[in-house]
Structure formats: structure tokens, C-alpha cells
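Read off the chains here:
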Amino acid sequence: MFIDPHVHMYSRTTDDYEKMILSGIKTVIEPSFWLGQARTSSKTLIDYWEYLINFERARAREFGINHYCAISVNPKEANNSQLANESLDVMANYLSKEGVVAVGEIGFDMITKEEEKVFARQLVMAEELKMPVIIHTPHINKVEGIKKTFDIIKNCNATKSRIIIDHNTEETIELSLSYDVIAGITVYPYTKVSSIRAVNMLKKYGTDRILINSSADWGVSDPLSVPKTAIQMEKDGFSKNEIEQLLFHNPNNFFKQSKNYVPL
Ligand SMILES: [Zn+2]
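Residues numbered from 1 in each chain as written. Predicted model: local features only at pLDDT ≥ 70, side-chain atom pairs only at ≥ 80, totals over all residues. Heavy atoms only, no water.

**Student:** Before we go on, may I ask you to explain the overall build of the protein in this structure?
**Tutor:** When helices and strands are counted, the protein shows 10 helices and eight strands. Since a compact globule built from 264 residues should have a radius of gyration of about 18 Å, the 17 Å found for the protein is in line with a globular shape. Taken over the C-alpha atoms alone, the protein extends approximately 50 × 40 × 35 Å along its principal axes. Taking all 264 residues of the protein together, 56% fall into the buried category. Summed over all atoms, the accessible surface of the protein reaches about 11500 Å², with 52% contributed by carbon and sulfur. A distance of 2 Å separates the average location of the 30 positive side-chain charges in the protein from that of its 34 negative side-chain charges. (Helix = DSSP H or I, 4+ residues; strand = E, 2+ residues; numbered from the N terminus. Rg over C-alpha atoms; globule rule 2.2 N^0.38 Å. Buried < 20%, exposed > 50% of the residue type's maximum accessible area, 1.4 Å probe, protein only. Areas by Shrake-Rupley, 256 points an atom, 1.4 Å probe, with all protein chains shown as cover. Lys, Arg positive; Asp, Glu negative; His and termini not counted. Charge placed at Lys NZ, Arg CZ, Asp CG, Glu CD.)

Here it is as C-alpha cells:
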């Protein structure tokens, strides 16, 4: 049994849900993301949260998959201050709803002042509610982005054991782990990290504070990245227990920190 702790089912078809359950994925966590097109109003972001909490959760359930989501104003949209502020003003109402287990994804995209403000405000909100947080790391200037991210975490006094720093590569994994947070690795078919590269990182850094996800979305991505990583781990000599620990127990234990998560 597997958990995919970061996947955007909003952009996937029912065929994907079917393949996922057949491959053993029992639970998915869906963070709020940028839909690829600038919004004209905060109301469409609020409708998107409603969609994740209600329709997507019910759609997953029809396939036997538990769906949880993370709510946020994402880093790209943080740069539209009016939209960001209007959304943040009502966001707290959404964080307590059934199925909402984290704040995310938040963090930096282009590392701007606006992004920093919106990031910090959401981190404080999560800390007050003792909620887990999913932090996105930028695709460019990743190392700088992670260092700045940790300045913000420190300034906000956020609890590190409730934080995932996501989308790590060979370049950043050691740095992320050195900050005592949970490090996410996104396994993508062509770009980002392949399952072979992910498993090589596991051999070097162990499996204790690492989560593997697909981050599958509209682009070239693979909702079966988690079970495919299990196959690669088995090929490379990891035991059944180690595979289960990493791909099921680690995310299950992490999200247990949310009172809205029902552990398996
Ligand atoms: Zn994402």
C-alpha cells in the first residue's frame, strides 16, 4: 500500500485514479497549485479550494482512494498582492474543513518581496493551527531559495517537524536534511529526478526523513511515480520493510500530525 503525498489530481483523468488504485496507491494529498494561467479574481482561487475539498475528494472516493488536500495561496499568485490578500483574509475558514490536512504549497517562485510576505503570513497561520506545511522550492536558484526559505522558517518560529521541503535534487537534499525538516523528492519521467536518481539519494541519505511524490499535474508527469520508485528500490536491494516504511509509513506518520487526517 502506498501514499502519494503530493499530486495534483485536478489535472488528471479518471483513468489515472484507476491505475493508481490498481498499483496500490490508497491515499493522495493534493496541494493547491498554480493552474498555468493568471487569475482575474481571488474568487476563482476560493472556488478552486472548494473544488479540492468537495468534488475532487468525492471523485477519488469513487475509486477507493482517500483524498486530502493542502490549501494555500501559491508562490506565483503571491505576486498579485490584491488577489493574495483577499484570499488570505478568508483562508483560515478553509483550513479547518474536513479533508484539509496542511497549508501548501507555499514558498518561493521568483524569490520576490511579495512572495516572502505571503509565505510568512501562511507559515504563521499554520503554526497557530499546528498544521503541517508543504513548501515548494523554486526550479531556478534552488539552493538560494532553500536558504531564504529557512530564514523565513526561523523568523516565524515554525515547527520543523511539521514541514516538508519539497522537490529536492542531489544539489539540495543534504542542505534540506541539515535543517531537521522532512525532505520531499519529486520523481518525474524526464525532468526533475528519475526513480533511479531518487533511489541513489536514498542509498546515500537513508529513508528516515524523506518522502517520495509524483507532483503529477498538467505537464509531462507520472501519477505512478511512487509505485515505480518501489520497483526501483526492490531492484536495488531495499527490503520490503524499508520500501513500506518510506512509501507508506513516512507520509502516514507525517500527516498524522494534522487533526483532519485519518491514519490508515
Ligand atoms: Zn505541486
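**Student:** Looking at this model, I keep getting lost on helix α10 (residues 240–255). Mind explaining?
**Tutor:** Think of an α-helix as 3.6 residues a turn; residues three or four steps apart then line up on the same face. Its 16 residues give α10 an end-to-end C-alpha distance of 22 Å, which sits within 8% of 22 Å, the value for a rise of 1.5 Å per residue. Along α10, the largest kink reaches about 40° and is centred on H249; proline P251 follows within four residues of it. Restricting attention to buried positions, one finds in α10 the residues I243, L246, L247, F248, N250, P251, N252, F254 and F255. (Expected span 1.5 Å × (residues − 1). Bend = angle between axes of the 7 residues up to and from the residue.)

**Student:** Would you explain the nonpolar core in this entry?
**Tutor:** Proteins that are soluble and globular tend to have nonpolar side chains buried together. Counting residues in hydrophobic clusters, the biggest one holds 40 residues, and the most contacted among them are W49, I71, L123 and I135. Contributions of two or more residues to this core are made by α2 (42–62), β3 (66–71), α4 (81–95), β4 (100–107), α5 (113–129), β5 (133–136), α6 (142–155) and β6 (163–165). With residues up to four places along the chain from it excluded, the contact list for I135 reads I106, G107, F119, L123, T149, I153, I163, I164, I165 and D166. M9, Y17, I212 and V226 belong to the second largest nonpolar core, which has 30 residues in total. (Core = buried A, V, L, I, M, F, W, Y, C linked by side-chain atoms within 4.5 Å. Contact = heavy atoms within 4.5 Å.)

**Student:** What is the right way to look at the coordination of the zinc ion in this model?
**Tutor:** Between any two of four tetrahedral donors, the ideal angle at the metal is 109.5 degrees; between two of six octahedral donors, it is 90 or 180 degrees. The coordination sphere of the zinc ion contains the protein donors H6 (NE2), H8 (NE2) and E105 (OE), at a distance range of 2.1 Å. Binding-site remark: the zinc ion is held by donors from one chain whose sequence spacing is H-x1-H-x96-E. Of this pair, H6 sits in the loop between β1 (2–4) and α1 (14–22) while E105 sits in strand β4, and the two are 99 residues apart along the sequence. Look at E105 and you get buried, because its relative accessible area is 6%. (Donors = N, O, S within 2.8 Å, 3.2 Å for Na, K, Ca; no water.)

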